[in-house]
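# Commentary on secondary and tertiary structure
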Amino acid sequence: MTIPRRRTFVSHLRRLLQPKALFIPVAVITLPIIRIIRPWLLIRWGNLISHALGHFALNTELYLCERDHHVNRPKQRYIDFPYFGDPRVSNTYLMKMWRRTFKTFPPAPLQALEWVNNVVPGGAPHRIGSNVHNDRDIFNLMAGSPAHLAFSEEEQARGKKFLESLGITDGAPYICLNVRDSSYYGAIRVSNSRHSHRDSSIANYVEAAEALVDRGFFVLRMGRKVEAPLLSSRAQIVDYAYERMGDDFLDLYIGAHCDFCLSSGSGFDAIPAIFRRPVSFVNLCPIETALSSETYLVYLSKWHLDSTTGDPLTLRQIVERNLAWRASPENYAASNIVLRENSPGEIRDVAVESVERLQGTWPTDPVGEELQKRFKEILPLSLENKASPLHGEFRIRYSERFLKDNPWWLE
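Residues numbered from 1 in each chain as written. Predicted model: local features only at pLDDT ≥ 70, side-chain atom pairs only at ≥ 80, totals over all residues. Heavy atoms only, no water.

### So, the overall build of the chain
Along the chain, the regular secondary structure elements total 15 helices and 11 strands. Relative to the compact-globule value of 22 Å for 411 residues, the chain shows a C-alpha radius of gyration of 23 Å, a close match. Considered along the principal axes of its C-alpha atoms, the chain spans approximately 65 × 55 × 50 Å. Here the analysis covers contacts within the chain between residues at least 6 apart in sequence; of these, 73% occur between residues at least 24 apart. As displayed, the chain has an accessible area near 20,100 Å², and 54% of this comes from carbon and sulfur atoms. Charge centroids of the chain, computed over 50 positive and 46 negative side chains, lie 11 Å from each other. (Helix = DSSP H or I, 4+ residues; strand = E, 2+ residues; numbered from the N terminus. Rg over C-alpha atoms; globule rule 2.2 N^0.38 Å. Contact = heavy atoms within 4.5 Å. Areas by Shrake-Rupley, 256 points an atom, 1.4 Å probe, with all protein chains shown as cover. Lys, Arg positive; Asp, Glu negative; His and termini not counted. Charge placed at Lys NZ, Arg CZ, Asp CG, Glu CD.)

### Points about the confidence of the model for the chain
Model confidence for the chain is summarised by a mean pLDDT of 90, while 91% of its residues fall at 70 or above. Within the model, the stretch residues 1-7 combines pLDDT values under 50 with 0 contacts to residues more than four positions away or in other chains. (pLDDT = per-residue confidence, 0-100.)

### Considering the packing of aromatic side chains
Across all of its chains, the model carries 22 aromatic pairs by this definition. Ring geometry for Y63 against F102: centres 6.4 Å apart, planes inclined by 50 degrees, an arrangement best described as tilted. With Y63 in helix α3 (residues 53-68) and F102 in the loop between α4 (92-101) and α5 (107-119), this pair connects stretches of sequence that are 39 residues apart. Relative accessible area serves as the criterion here: at 6%, Y63 is assigned to the buried category. Judged by centre distance (6.0 Å) and plane angle (80 degrees), the rings of F162 and Y240 are edge-to-face. (Phe/Tyr/Trp six-rings, centres within 6.5 Å; stacked < 30°, edge-to-face > 60°. Buried < 20%, exposed > 50% of the residue type's maximum accessible area, 1.4 Å probe, protein only.)

### Things to note about α3
Taking 1.5 Å of rise per residue, 16 residues should cover 22 Å, and α3 covers 23 Å from first to last C-alpha, within 8% of that figure. A large share of α3 lies buried, amounting to 12 of its 16 residues. Taken together, the buried positions of α3 are G54, F56, A57, L58, N59, T60, E61, L62, Y63, L64, C65 and E66. Next to the buried residues of α3 lie β2 (78-83), α4, α10 (270-274) and β8 (296-301). H70, located one to two residues past α3, shows a positive phi value of around 55 degrees. (Expected span 1.5 Å × (residues − 1).)

### Side note on unusual backbone geometry
Negative phi values dominate among residues other than glycine, just as trans dominates among peptide bonds. Residue C285 is joined to P286 through a cis peptide bond whose omega torsion reads 0 degrees. Examined against the element boundaries, P286 turns out to sit in the loop between β7 (279-284) and β8. Even without being glycine, N134 reaches a positive phi, approximately 55 degrees. Tracing the chain through its elements places N134 in the loop between α5 and α6 (153-165).

### Observations regarding the environment of S328
Looking at the element boundaries, S328 is found in the loop between α11 (315-320) and α12 (329-334). You can call S328 buried: its relative accessible area is 16%. Within the local environment of S328, its side chain forms a polar contact with the side chain of E330, the two groups lying 3.1 Å apart. (Polar contact = N/O pair within 3.5 Å; in protein donor to acceptor, adjacent residues only side chain to side chain.)

### With respect to the environment of H257
Structurally, the position occupied by H257 is in helix α9 (residues 248-257). Put simply, H257 and P173 are 84 residues apart on the chain and 9.2 Å apart in space, counted from C-alpha to C-alpha. In this view, H257 contacts F151, Q156 and Y174; residues no more than four positions away in its chain are not counted. A polar contact of 3.4 Å, which involves the side chain of H257, links it to the side chain of Q156.

### A look at the pattern of salt bridges
Tallying each qualifying case throughout the model produces 24 salt bridges. In this structure, the salt-bridge partner of D199 is R180, at a minimum N-O distance of 2.3 Å. Here D199 is found in the loop between α7 (183-187) and α8 (206-214), whereas its partner R180 is found in the loop between β3 (174-178) and α7, with 19 residues between them in sequence. The burial state of D199 is the same as that of R180; both residues are buried. Salt bridges linked by common partners bring E353, R357, D365, E369, R397, E400 and K404 together as one network. (Salt bridge = Lys/Arg side-chain N within 4 Å of Asp/Glu carboxyl O.)

Structure, rendered in structure tokens:
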């Protein structure tokens, strides 16, 4: 019994020694004044996410877009005091850029105020809270807003110099390739078990990368911690991640200036998105998690196979088994489902379709449009009765080549 007592004492001591604890007496005095003036001026505060790159980028950008468009905002006069309170920062240069873009405040006093506000009933109006749907642009606000971040002339020169060192000169087009694996979680000593179904093999992306090179693009494989190299003899394919070429600044600059990003769905693809660069997805899982607003192009999910028969499931079966949203390795196992990665050819087809749609050369035909319509009619079945919608207008398209090659999948 002694050890638990010691641990409890240590945990209490740590709380007392936290910086916010020093401001609690001030917060106790200040909060009543804030509550009294609330009918005339509402003062709010809230913590912005910094530990996960995707949320650090997209949640913050959408907070600013909602502010600009007066969405999810109080109807009365108000002042917000946002702060970054997590000591874990996924990209220090992104923090620097956010802080020069809008006013943030020291976390300790606001954390103390938040703690006291939570103890005293009636404090909900003073919390900034989350965006309408966290990192999801369900009102397509980003399409109608300029990017909030911008690079200085000095930063532009630094970024261009690095690209030129790779042979990417005079505005030569390049693609960012972002493939999720478990190595990052291993590096930070966090279990990947809850997200392992989202991983895929870089070897399956070589064909797509080389097809993009054939169309005049450089390909930069992004990431900070990766398991295996991207093996190709093409000089225009740069394994930025495996060769550990980058830093926090270059990650941002490269993502902000790419022609588009091909991703398996992880934090880095939020960087191109907040700079209004297009993003396409492959091996995305669960199938309903695709970001679907204006910035996103084409996507393809992993195959869902019945583990007993080996037969692939149709889209309707995936939805009916509640595997389209919030699925996990445990959910798949309980439903006797195994996942299979997209083939190299399927990934290549998504890359080519993305390029041709961006260049305006993708052939539009009634068959393809009808297949997209049928896809959207089936997918929202699992969205019924959700208090918070996952999608607004569903503008991303499913891989048209996949739908044409597999018409049974929409039966």
